[in-house]
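# Observations on chain architecture
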Amino acid sequence: QVQLVESGGGLVQAGGSLRLSCAASGSIVSIKTMGWYRQPPGKQREMVATITLSSSTAYADSVKGRFTISRDNAKNTVYLQMNRLKPEDTAAYYCNANVRSGWFESLKEYWGQGTQVTVSS
């Protein structure tokens with residue numbers, strides 16, 4: 001079993017910054033892709049940013065140039081640096097990871113419990 005634990009959410013004024021962290025623990029051989037998703041109130045969950053094992057990244061258009069995703073493979077941790085935050089960035093942010101728990105096992109997807117980010121205007 002694998003657990004993802006997020007931290008770093010909170011309340012910030014528009015224009016401010018926050019850094020989210022997500023640490024994976026448990027039965028882990030490798031983690032292929034890690035990412036951040038968010039779900040604003042009353043809306044569907046959407047992709048924010050993803051990063052592969054080789055550190056190739058992808059971003060939602062709405063956060064390009066403001067958010068940066070990174071990972072530390074030795075710590076099985078993914079980060080999301082969020083700058084120039086806007087009220088529309090307010091959402092619950094979820095960590096996602098595709099994990100291989102055994103050398104002959106297939107990839108399995110895991111989600112964190114979510115951390116709230118609130119941006120005031």
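Only a predicted model underlies this, so the values are computations on that prediction, with no experimental measurement involved. (Residues numbered from 1 in each chain as written. Predicted model: local features only at pLDDT ≥ 70, side-chain atom pairs only at ≥ 80, totals over all residues. Heavy atoms only, no water.)

## Let's talk about the packing of aromatic side chains
Following the criterion strictly, the structure yields 1 aromatic pair and no others. Taken together, a centroid distance of 5.0 Å and an interplanar angle of 70 degrees make the contact between Tyr37 and Trp111 edge-to-face. Taken together, the residues Tyr37 in strand β4 (residues 30–39) and Trp111 in strand β10 (residues 108–111) connect sequence positions 74 residues apart. For Trp111, a relative accessible area of 34% puts it in the partly exposed group. (Phe/Tyr/Trp six-rings, centres within 6.5 Å; stacked < 30°, edge-to-face > 60°. Helix = DSSP H or I, 4+ residues; strand = E, 2+ residues; numbered from the N terminus. Buried < 20%, exposed > 50% of the residue type's maximum accessible area, 1.4 Å probe, protein only.)

## Description of the nonpolar core
Membership of the largest hydrophobic core comes to 29 residues, with the highest contact counts inside it found for Trp36, Leu80, Met82 and Tyr93. At the level of elements, β1 (2–7), β3 (18–26), β4, β5 (46–52), β7 (67–72), β8 (77–82), β9 (91–100) and β11 (115–120) are the ones that each hand at least two residues to this core. Sorting elements by how many residues they give to this core places β9 first, with 5 residues. (Core = buried A, V, L, I, M, F, W, Y, C linked by side-chain atoms within 4.5 Å.)

## Here we look at the sheet that holds β8
As summarised here, the arrangement of the 4 strands in space is β1-β3-β8-β7, forming an open sheet in which the pairing is antiparallel. Two strands close off the open sheet at either side, each with one partner strand: β1 and β7. On average, adjacent strands in this sheet sit at an angle of 15 degrees to one another, irrespective of strand direction. As paired strands, β3 and β8 are joined by 6 bridges and run antiparallel to one another. Bridge assignment links Leu18 to a residue of β8, and that residue is Met82. (Pairing = 2+ DSSP bridges. Axes fitted to C-alpha atoms, helices over the stretch in contact; angles between N-to-C directions.)

## Looking at the side chain of Ser101
Position of Ser101 among the secondary structure elements: in the loop between β9 and β10. Under the relative-accessibility criterion, Ser101 is labelled buried at 18%. Reaching out from Ser101, the side chain makes a polar contact with the backbone oxygen of Ser27 at a distance of 2.7 Å. Among all residues touching Ser101, those that are not within four sequence positions of it are Val2, Ser27, Val29 and Tyr110. (Polar contact = N/O pair within 3.5 Å; in protein donor to acceptor, adjacent residues only side chain to side chain. Contact = heavy atoms within 4.5 Å.)

## Side note on the pairing of β8
Of all 6 residues making up β8, 5 are buried, and the element is well covered by its neighbours. Relative to β8, β7 runs antiparallel, the two being bridged by 6 bridges. Within β8, the position partnered with Thr68 by the bridge is Gln81.

## Description of the state of the cysteines
Taken as a whole and judged by the stated rule, the model has 1 disulfide. Disulfide partner of Cys22: Cys95, at an S-S distance of 2.1 Å. Handedness here is read from the sign of the S-S torsion; for Cys22 and Cys95, about -80 degrees, the answer is left-handed. Highlighted residues: Cys22 in strand β3 and Cys95 in strand β9, separated in sequence by 73 residues. For the pair formed by Cys22 and Cys95, the shared burial category is buried. (Disulfide = S-S within 2.5 Å.)

## Looking at the side chain of Arg38
Topologically, Arg38 is positioned in strand β4. In terms of polar contacts, Arg38 uses its side chain to reach the side chain of Glu46, at 2.7 Å. Among the polar contacts listed, one links the side chain of Arg38 to the side chain of Asp89, at a separation of 3.0 Å. Setting aside its immediate chain neighbours within four residues, Arg38 contacts Gln44, Arg45, Glu46, Val48, Ser62, Val63, Phe67, Glu88, Asp89, Ala91, Ala92 and Tyr93.

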